[in-house]
Amino acid sequence: MWEIIVCILISIIYNGYILWKYKKIPVSLSETAYMLGGIKRYWFTLYCAIIGLTLLPGLFEVTPEDYEVIPFLICLGLLLAGVSPTFKQGLEKSVHYISSYISFSGFILYTVLCMNWIWLLGYGIILGSLCIWKRKCYVWFAEILALIVIISSLI
């Protein structure tokens, strides 16, 4: 249960700080590393590490044994995306994008195989509505909603 509380608190603090400080919705969670800049960009790394490492044990507990590789993919992708915060340049670009795709693909698989498929339908409807409202920020909305869905599977 403590994992859920840590994930929720860290997400609210990190994203709340970004929204409060910059007074805008970022394009993506990854973009927040560039928004913070300098040494503060590693707050993004810390955020991803805390979320990934606290979600993994809880997800292993609630995931059927046949599908336990999926939470690992979700959290590993999140961790690797976090360790490449300067994703717009060099090797980090490839590491960041590939790990992000692995994590998000894991989320889709997890939602379809381990949760009720209606979650994925609801996710799509809410995401579609938010994209119509703020088209430029659809990746951020997708990431935040995915985190909410994953955390809700632990409750």
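Structure's up top.
This is a predicted model, so every value here is computed, not measured.

1. Thoughts on the overall build of the protein
Next up, step 1: A count of helical and extended segments in the protein gives seven helices and zero strands.
Next up, step 2: Along its sequence from the N terminus, the protein presents helices and strands in the succession α-α-α-α-α-α-α.
Next up, step 3: Rg of the C-alpha trace for the protein: 15 Å, near the compact-globule value of 15 Å for 155 residues, within the 12% margin.
Next up, step 4: Its C-alpha atoms put the protein at 40 × 30 × 30 Å along the principal axes.
Next up, step 5: A buried classification covers 42% of the 155 residues belonging to the protein.
Next up, step 6: Look at the contacts in the protein between residues 6 or more apart in sequence, and 62% of them connect residues 24 or more apart.
Next up, step 7: With the model as given, the accessible surface of the protein reaches about 8600 Å², and the carbon-plus-sulfur share is 72%.
Next up, step 8: Each charge class in the protein was averaged separately, 10 positive and 8 negative side chains, and the resulting centres sit 26 Å apart.

Procedures and definitions
- Residues numbered from 1 in each chain as written.
- Predicted model: local features only at pLDDT ≥ 70, side-chain atom pairs only at ≥ 80, totals over all residues.
- Heavy atoms only, no water.
- Helix = DSSP H or I, 4+ residues; strand = E, 2+ residues; numbered from the N terminus.
- Rg over C-alpha atoms; globule rule 2.2 N^0.38 Å.
- Buried < 20%, exposed > 50% of the residue type's maximum accessible area, 1.4 Å probe, protein only.
- Contact = heavy atoms within 4.5 Å.
- Areas by Shrake-Rupley, 256 points an atom, 1.4 Å probe, with all protein chains shown as cover.
- Lys, Arg positive; Asp, Glu negative; His and termini not counted.
- Charge placed at Lys NZ, Arg CZ, Asp CG, Glu CD.

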